[in-house]
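# Inside the fold
So you can see what is in the structure, the chains are spelled out below.
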Amino acid sequence: MTTTDKARQQGDNVRCQGTSFQDLLDLEEVEVPLYLRENSCDHMGDEDLDVARWVSREYHDLEAKKLWPKAWQMACREEDIPEVGDHHVYEVINESVIITRSSENEIKGFINSCLHRGRLLRDEDGHVKEFKCPFHGATWDLDGDFKGIPCKWDFRHLDEKDMKLPQVKVGTWGGFVFINFDEHAQPLEEYLAPLPDHFSRYPLHDYYKGIHVQRVVKCNWKVGAEAFMESFHTVATHSQIMTFTGDANSQYDTFGDNISRSVTPMGVPSPHLSGVSEEDVMRDILELSGRMALNSSDGQILPAGVSARKYVADTNRGLFEDACGEDLSQATMAELEDAILYSAFPNFQIWVGYHGNIVYRFLPNGDDHNSCIFDIMLLMRYPKGSEKPAAVPVNKLDPNLPFSCAEELGALGPVFDQDDSNMPAVQRGMLASKKGTVSLATYQESRIRHLHQTIDKYLKA
Amino acid sequence: MTRYHDAFPAHELEHNSSKALLIDGKNILICNAGGEYYAVDNMCTHQRAELEGGRIRNCFISCPLHGVRFNLETGKPMGQLTNVPLNTYPLQVSDAGMLQVAV
Ligand code: FES
Ligand code: FES
Ligand SMILES: [Fe+2]
């Protein structure tokens, strides 16, 4: 199957010269899961986008009114609230929700506002047996039923009122808790399709959160999210990873309104370079990518006739098998090393993989449209039969510190710092723009166009 | 010199539980956080609730009333409800297994 047999795609099927991801799949030695063979990027047009989408207050207000109240959004991991009474306070713009484990197998989301005079019921994450408002002591149980308030004689007028805490919709997938403020929202599984199906080989609900770093970034939440939606910036921004990253040979796909992905081949040199030896590829990917099982190339010698791509995949296979205690002989090289990154509208991004899957989330920073909160998580495996390690607490980095100060990120920290050298500058530059619009690469930036086309559907609804 | 007061035998306190007692007229809470013992004031610095019975995880105790978490080692609270740290007290386990607190 080649792309040209297919219906008209973004860029009229024009792609970078060289080995494509689909060509690499032809070299796999085990059966390739069907979802990797999909190649869909419907024609979406080439018009410029107005910078107002990222920099205008009105646009932010419109999102606050029409997007965030309607879209499913990832709030936390189930493992962040393992015990009954544990809760996480999820905030987006001016909304605040208490996400709590109300019973062993049930998670509920309550609007975080006291029904007396409106104080936040919970100021932060933690554990309680009931929700007692710190101001005058009104109390609700973990199911949101009203338990009372001091001086009841003064509140007889509340007797006929519905004093149950208002709820939001809650759904879970892959160990993530999602919420939706709209009680008529479609079911989460449907909204996320086909993502759950594409991830069926990776039981994410049983991975544990081994790293969680959060930091404010001085750009609109979409500038942040978009920084991870294209590999086109690799050649200029992350030149150190070019020897082992098939950046311009990446594949970009969209599925319905909510899901898109990019697939960047790894363990192959960039088509921008020539004369890179297989030894160079292997050394650099182990040392510099930050997401291979080994973080050093010491003692690794590429056997004659073996490609770096295969060697690194097999090294990862062995180490990932040790990590999860499962047989991964049927895993493809693509799954073991490529950068296969999905996004679910509006702001949830997750990598495919058997171990060490990266997760990103970009949320508006309160009511400020010029900054956002960036979460980075790593989902890890533990040997079958052993006890699941507890999820790590979030490491909230000081906004003035570089990501490389979060030591747990390893070689990924400096990569994020390179992205961080662009994100605030993109925001500033768009504010200064007299052109007033941005232009997008037809194919390589198609996921960004897709994001905005979906936003338009919400804002125009 | 610090004077240690006998509290109770260490084995009486289960993992991740706490027990309050008066020592020298002070309401002291002794906590077993996963095998480490700590002594702190048995009174939350937010709105003076007793901390006894609050959920202990890692080296933090959650106040039963509004859930503020205090670091048992340093006494420092997390979050915004209070900035006032808990008093902490030196604690030792005697050779006979007795918990002893210096108040
Ligand atoms: S505002 Fe909550 S009890 Fe008064
Ligand atoms: S009294 Fe302890 S948290 Fe309020
Ligand atoms: Fe990047």
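Remember, predicted model here, so these are calculated numbers, not experimental data. Sequence order as written defines residue numbering, which begins from 1 separately in each chain. Written order determines the labels here, with chains lettered from A and ligands numbered from 1. The predicted origin of the model limits local features to residues at a pLDDT of at least 70 and limits the giving and counting of side-chain atom pairs to 80 or more, whereas totals for whole chains, interfaces and linings rest on all residues.

Quick look at helix α12 (residues 412–420) of chain A now. Residues and elements named next belong to chain A. If you check which residues of α12 are buried, you get Leu412, Val415, Phe416 and Asp420. Angular distribution of buried residues about the axis of α12 spans 145°; they occupy a single face of the element. Contact definition: two residues whose C-beta atoms, as placed from backbone geometry, lie within 7 Å. A helix here means a DSSP run of H or I that spans at least four residues, while a strand means a run of E at least two residues long, and both kinds are numbered starting from the N terminus. In the core, the buried residues of α12 are packed alongside β12 (208–217) and α13 (423–432). Buried residues are those with 20 or more other C-beta atoms within 10 Å of their own C-beta, exposed residues have 12 or fewer, and partly exposed residues lie in between; C-beta atoms are placed from the backbone. Directions pointing from the helix axis toward each C-beta atom define the arc.

Once that is clear, we can look at the nonpolar core. The term nonpolar core means buried Ala, Val, Leu, Ile, Met, Phe, Trp, Tyr and Cys residues held together as one set by C-beta atoms within 7 Å. In terms of nonpolar packing, the biggest core is built from 108 residues, with A:Ala75, A:Ile99, A:Phe178, A:Ile285, A:Val312 and A:Cys372 touching the most fellow members. Element by element, the count of residues in this core is highest for strand β18 (residues 368–380) of chain A, at seven residues. There are two domains that each give this core at least three residues, and those are domain 1 (3–52 + 206–460) and domain 2 (73–184) of chain A. Ignoring any residue separated from it by four or fewer positions in sequence, one finds A:Cys372 in contact with A:Val217, A:Cys219, A:Asn220, A:Trp221, A:Gly224, A:Phe362, A:Leu363, A:Pro364 and A:Asn365. Counting residues in each nonpolar core, the second largest holds 25 residues, with B:Leu29, B:Val40, B:Ile56 and B:Tyr89 among its members. Domain delimitation follows an automatic or database domain assignment.

Residue-level contacts link 11 residues of chain B with nine residues of chain A. By the convention adopted, Pro, Cys, Tyr, Trp, Phe, Met, Ile, Leu, Val and Ala count as nonpolar, Lys, Arg, Asp and Glu as charged, and the other residues, Gly among them, as polar. Partitioned by chemical class, the residues of the side of chain B that touches chain A number three nonpolar, six polar and two charged.

Right, let's get into the domain arrangement of chain A. All names here are of chain A. We note that the domain assignment places domain 1 (3–52 + 206–460) and domain 2 (73–184) within chain A. Just the C-alpha atoms count here: the centres of domain 1 and domain 2 sit 35 Å apart. Taken together, the contact between domain 1 and domain 2 spans 12 residues of the former and nine residues of the latter. If you list the elements that add at least two residues to the side of domain 1 that touches domain 2, you get β12 and β17 (357–365). It is β17 that provides the largest number of residues to the side of domain 1 that touches domain 2, a total of three residues. Looking at the side of domain 1 that touches domain 2 residue by residue, the classes come out as seven nonpolar, two polar and three charged.

Moving on to the UniProt feature "domain: Rieske" (unreviewed entry) in chain B. UniProt positions are given in the numbering used here, feature names are shortened, and annotations may be inferred rather than shown by experiment. Under the feature "domain: Rieske" (unreviewed entry), the UniProt entry names residues 4–100 of chain B. For residues 4–100 of chain B, the end-to-end C-alpha separation is 5 Å, with 0% helix and 44% strand making up the annotated structure.

Residues and elements named next belong to chain A. By the secondary structure assignment, glycine 137 is in the loop between β7 (131–132) and β8 (139–140). Judged by the 16 C-beta atoms lying within 10 Å of it, glycine 137 falls in the partly exposed class. As a C-alpha pair, glycine 137 and lysine 388 span 251 residues in sequence and 37 Å in three-dimensional space. The residues contacting glycine 137, other than those within four sequence positions of it, are Lys132, Ile149 and Pro150.

A few words now on the sheet that holds strand β10 (residues 98–102) of chain B. All names here are of chain B. The strand order across the open sheet built from three strands is β1-β10-β9, with neighbouring strands paired in antiparallel fashion. Where the open sheet ends on each side, the last strands, each with one partner, are β1 (4–9) and β9 (91–93). Taken pair by pair, the neighbouring strands of this sheet meet at an average axis angle of 30°, ignoring direction. Pairing analysis gives four bridges linking β1 to β10, with the strands arranged antiparallel. Within β10, the position partnered with aspartate 6 by the bridge is glutamine 100. When DSSP locates at least two bridges between a pair of strands, those strands are taken to pair. With axes taken as lines fitted to C-alpha atoms, and helix axes fitted only over the stretch in contact, angles between N-to-C directions fall between 0 and 180 degrees.

This paragraph deals with the packing of helix α4 (residues 57–67) of chain A against helix α14 (residues 446–460) of chain A. Residue and element names in this part refer to chain A. At a minimum axis distance of 8 Å, the contact between α4 and α14 shows a crossing angle of 75°. What the angle tells us is that α4 and α14 run roughly perpendicular. Packed against α4, whose contacting residues are Leu62, Lys66 and Leu67, the element α14 presents Ile455, Tyr458 and Leu459 at the interface. Tallied by class, residues from the contact of α4 with α14 come to five nonpolar, no polar and one charged. By the definition adopted for this analysis, an angle is roughly parallel if under 35 degrees, roughly antiparallel if over 145, roughly perpendicular if from 65 to 115, and oblique otherwise.

Moving on to the UniProt feature "domain: Rieske" (unreviewed entry) in chain A. Under the local residue numbering, the UniProt record ascribes the feature "domain: Rieske" (unreviewed entry) to residues 72–179 of chain A. End C-alpha to end C-alpha, residues 72–179 of chain A measures 6 Å, and it is 0% helix and 44% strand.

As a further point, take the pairing of strand β11 (residues 176–180) of chain A. Residue and element names in this part refer to chain A. Across the five residues that make up β11, a large majority, five, are buried. Side chains Phe176, Phe178 and Asn180 of β11 all project onto a buried face; the interleaved residues Val177 and Ile179 project onto the opposite face, where all are buried too. One ladder, built from four bridges, connects strand β2 (residues 73–77) with β11; its direction is antiparallel. Note on β11: the bridge partner recorded for glutamine 73 is isoleucine 179.

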